[in-house]
Amino acid sequence: MKITKIEVLKVKTVRPTWRPVFCRIHTDEGIYGDGEAALAYGRAADAGYAALKEFSGLILQMDPLKNEVIWEKLYKTTFWGQNGGPVVFAAIGAIDMALWDLKGKYFRAPIHQLLGGARRERLRTYASQLQNGWEMGKDGYVFQYAPEDFAAAAQRAVAEGYDAVKFDFFEKSPDRRDYGAEDRSCFVNPRELAVLEERVAAVRQAVGPQVDIIAEAHSRMDAPGAIRYAKILEKYSAMFFEEPDTPTPYMTKYIADKVNIPLASGERVYGRWQFVPYFEDRSLQIIQPDLGNCGGFTEVKKICDMAHAYDVAVQPHICASPLSTTAALHLEAVLPNFVIHEHHIVNRVAYNMGLTTAEAQPEGGFFRVPNAPGLGNEISPQAFKQADAYAVAE
């Protein structure tokens, strides 16, 4: 079996800052596989699309079942692959995801079976980014400002069966402006720390002691401010503190040594080599690699196995289309050190729906593991119609 053609597309949505990037790998036996470069948000979708398009030309006529051979070629022969960042690893990851989807279809088995076998049928899931509300429908995002707004958003998620919720409590100010770098740095002033504590306390009171609260900082704080914030989170038994400041091993270690709360990071750490320092210094207790921008199944499974040797748990990062959600479920089903699945609010809004053939939602706070061959999800005809950039390598 040989790779004969690869389609690459960047999809336009009604939200200008949401631009999913996909690929479809075709073979001479009529089997194809789909993958996603998880750079839909931020300012990297165009770069991810370009890299994916260029990398696709390097693997034509190769055997698609040799995912390890293809991965190593993309990493070692593209020059910028080694020690690459999100764009490089997203391009490799999309191709790798598509190869595993194709492999599953070829062997008529779900990916989790090819990865070693599912050890669980249901996956505990948390409601993610509730500072943006917890709505479904056209707009989705409804920003929260007052402590009671945060509490109400948490209660909506708990009413649906979730027993864990995640907030960035420091995204919008009470006077409805964005918190900027000046608010999150230089130790964070007492006034803003009081805002943070009021919000965290309101959520804890609303959900009670049996629901986990996860706090997120999106790497916008500096280390001193993150430490002061972590001391507040400790008081309310937060499950973990995600991306407290810019992801670097030495500053993460500095924070970890001064707080008594598990730290999580990984959505902006790329490849096994960049994860090693966090394992060796024990600064992270939970890693969050993203299949769609950390090299796909071939690479992320290795990272998770390395983490297991250090008793580090895994919560894959997922903020992309439902294709990436499905991919994560296969990986999570297999991992002995899996802890919880992230269900981002972006997977509840209309502009991110219809792009794939399956759009599963959790039931009672749990996802079921898919069992169809390959991913069990594909890029939809609607996504191809919405593409504002499209290329074919053949």
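Everything numeric here is computed off the predicted structure, so don't read it as measured data.

Rules used throughout
Residues numbered from 1 in each chain as written. Predicted model: local features only at pLDDT ≥ 70, side-chain atom pairs only at ≥ 80, totals over all residues. Heavy atoms only, no water. Core = buried A, V, L, I, M, F, W, Y, C linked by side-chain atoms within 4.5 Å. Buried < 20%, exposed > 50% of the residue type's maximum accessible area, 1.4 Å probe, protein only. Contact = heavy atoms within 4.5 Å. Salt bridge = Lys/Arg side-chain N within 4 Å of Asp/Glu carboxyl O. Helix = DSSP H or I, 4+ residues; strand = E, 2+ residues; numbered from the N terminus. Pairing = 2+ DSSP bridges. Axes fitted to C-alpha atoms, helices over the stretch in contact; angles between N-to-C directions. Polar contact = N/O pair within 3.5 Å; in protein donor to acceptor, adjacent residues only side chain to side chain. Parallel < 35°, antiparallel > 145°, perpendicular 65-115°, else oblique. Left-handed = near helix turned anticlockwise from the far one by under 90°. Nonpolar A, V, L, I, M, F, W, Y, C, P; charged D, E, K, R; others polar.

A.B. asks: An account of the nonpolar core is requested, with residue identities and associated values reported.
C.D. replies: By size, the foremost hydrophobic cluster in this structure holds 80 residues, and its most contacted members are F167, F169, V203, M221, F241, I287 and F297. Not counting residues up to four positions away in its chain, the partners in contact with F297 are D96, M97, W100, I111, L115, L291, A327, H330, L331 and L375.

A.B. asks: I'd like to hear about the pattern of salt bridges, residue by residue, with values.
C.D. replies: Two side chains carrying opposite charge are able to pair once their charged atoms lie near each other. Throughout the structure, instances matching the rule amount to 24 salt bridges. Of the charged contacts, one joins D168 and R220 as a salt bridge, the two residues approaching to 3.6 Å between their closest N and O atoms. On the criterion of sequence distance, the pair formed by D168 in the loop between strand 5 (164-167) and helix 6 (181-184) and R220 in the loop between strand 6 (212-216) and helix 8 (223-235) is long-range, its members being 52 residues apart. For D257, the salt bridge identified is with K253, shortest N-O distance 3.2 Å. The network of salt bridges with shared partners includes K10, R19, D46 and D388.

A.B. asks: Any details on the sheet that holds strand 2 (residues 21-27)? Residues and values, ideally.
C.D. replies: Taken in spatial order, the four strands of this open sheet run 3-2-1-13, and their pairing is antiparallel. Both edges of this open sheet fall to strand 3 (32-37) and strand 13 (387-393), since each of them pairs with a single strand only. Direction aside, neighbouring strands of the sheet carry axes that sit 15° apart on average. Where strand 1 (residues 3-11) and strand 13 come together, six bridges link them in antiparallel fashion. Across the sheet, the residue bridging to E7 is V392, located in strand 13.

A.B. asks: I'd like a rundown of the side chain of S321, residues and numbers included.
C.D. replies: Among the structural elements, S321 can be located in the loop between strand 10 (313-314) and helix 12 (322-334). Ignoring any residue separated from it by four or fewer positions in sequence, one finds S321 in contact with W18, F22, E36, N347, N352 and T356.

A.B. asks: Account for the side chain of D168, with residues named and values stated.
C.D. replies: Residue class for D168 comes out buried when judged on its relative accessible area of 0%. Only 2.9 Å separates the side chain of D168 from the backbone nitrogen of F170, close enough to count as a polar contact. For D168, the side chain forms a polar contact with the side chain of H218, separated by 2.7 Å. Each residue touching D168, except ones within four places of it in the same chain, is listed here: Q129, Q131, F150, R184, E216, A217, H218 and R220.

A.B. asks: Go over the packing of helix 7 (residues 190-207) against helix 8 with me, naming the residues and quoting the values.
C.D. replies: Relative orientation of the contacting elements helix 7 and helix 8 amounts to 25°, with a least axis distance of 10 Å. Relative to helix 8, helix 7 is oriented roughly parallel. Once helix 7 is placed against helix 8, the crossing between them reads as right-handed. Packed against helix 7, whose contacting residues are L193, L196, E197 and V200, the element helix 8 presents R228, Y229, I232, L233 and K235 at the interface. Among the residues making up the contact of helix 7 with helix 8, the classes are represented as six nonpolar, no polar and three charged.

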